[in-house]
Amino acid sequence: MRAGFHEELERLETELQTESDLVLRSLRTALSALDRSDPELADEVIAFDDDVDRYYLGIEQGIESLLARQTPVATDLRLVLAILHTNLHLERMADYCVTIAKLINLTYDLPGVPALLEDFQEMGSRAEEMIRVAVDSFAARDVARAESLVELDERIDLANRGALEHVFAIVDDDDARKWGLRMLIVSRCLERIGDHAVDIGEQTAYLVTGQFREFTDSSRPSLAGA
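Residues numbered from 1 in each chain as written. Predicted model: local features only at pLDDT ≥ 70, side-chain atom pairs only at ≥ 80, totals over all residues. Heavy atoms only, no water.

A. Fine view of unusual backbone geometry. Residue Ser 37 is not a glycine yet carries a positive backbone phi of 55°. Along the polypeptide, Ser 37 turns up in the loop between helix H1 (2–36) and helix H2 (39–69). (Helix = DSSP H or I, 4+ residues; strand = E, 2+ residues; numbered from the N terminus.)

B. Region of interest: the packing of helix H4 (residues 114–140) against helix H6 (residues 149–168). For the pair H4 and H6, interaxial distance at closest approach is 9 Å and the crossing angle is 160°. The angle between H4 and H6 places the two elements in the roughly antiparallel class. Judged by the twist between their axes, the crossing of H4 over H6 is left-handed. Residues Ala 115, Leu 116, Asp 119, Phe 120, Met 123, Arg 126, Ala 127, Glu 129, Met 130, Val 133 and Ala 134 of H4 pack against Leu 149, Leu 152, Asp 153, Arg 155, Ile 156, Ala 159, Asn 160, Gly 162, Ala 163, His 166 and Val 167 of H6. Of the residues belonging to the contact of H4 with H6, the class tally is 14 nonpolar, three polar and five charged. (Axes fitted to C-alpha atoms, helices over the stretch in contact; angles between N-to-C directions. Parallel < 35°, antiparallel > 145°, perpendicular 65-115°, else oblique. Left-handed = near helix turned anticlockwise from the far one by under 90°. Contact = heavy atoms within 4.5 Å. Nonpolar A, V, L, I, M, F, W, Y, C, P; charged D, E, K, R; others polar.)

C. Looking closely at a negative patch on the surface. Residues Asp 109, Asp 172, Asp 173 and Asp 175 make up a contiguous surface patch of negative charge. With respect to the helices and strands, Asp 172 occurs in the loop between H6 and helix H7 (174–209). (Patch = residues over 30% accessible without salt bridge, like charges linked within 9 Å, V, L, I, M, F, W, Y side chains within 5 Å. Areas by Shrake-Rupley, 256 points an atom, 1.4 Å probe, with all protein chains shown as cover. Salt bridge = Lys/Arg side-chain N within 4 Å of Asp/Glu carboxyl O. Lys, Arg positive; Asp, Glu negative; His and termini not counted. Charge placed at Lys NZ, Arg CZ, Asp CG, Glu CD.)

D. Molecular detail of the nonpolar core. Grouped together as the largest cluster of nonpolar side chains are 67 residues, with contacts concentrated most on Ile 83, Phe 120 and Leu 190. Elements with a minimum of two residues in this core: H1, H2, helix H3 (74–107), H4, helix H5 (143–147), H6 and H7. Filtering out sequence-adjacent residues up to four positions away, Ile 83 remains in contact with Leu 9, Leu 12, Glu 13, Leu 16, Ile 59, Ile 63 and Phe 138. (Core = buried A, V, L, I, M, F, W, Y, C linked by side-chain atoms within 4.5 Å. Buried < 20%, exposed > 50% of the residue type's maximum accessible area, 1.4 Å probe, protein only.)

Set out below in structure tokens:
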């Protein structure tokens, strides 16, 4: 019975990896749609979300079934809880991609600001990297790599602040200002995707050490002056 239990855990981890691939696909497509101001690509992102949701619900139901049949303890229990939390973080990332897509559909006919689009591509590249690092470190139980997410996240935060400055600089074009104000939500979505990647990293540390701790706090030096 325990062998079957561990096989089920392995299957759930595999599904988690597949879910992360779908989230990456959604993010890449959203960034491409943003760069091209392409509502058709944006609609693809919205449609992709159904695929992510299927995996999210499948993993959640799989965990419920496991807990109904087994009583995991120690490391097994930590793994079940870490899968549950990581599953939620991935689903939230996909939701942010959908929000970006919906904003593209609202603004595709408005003039964009090239400097702001460059900020988004930088943030998007960082976010993609963070998703890969988060999921790979979880699979490898690599706490040191998971902790490297903090520095990547700070780079996204810097780009987020830069995006805000670019919007404030729009003063003489009403349509560009309307576009820019909506793009602040896009910037926030990308920043939150990075935060969720850090949260997955924290789940890796919890899984390995048995102690939950946040990787960042208000006393930690930031890159604000970098």
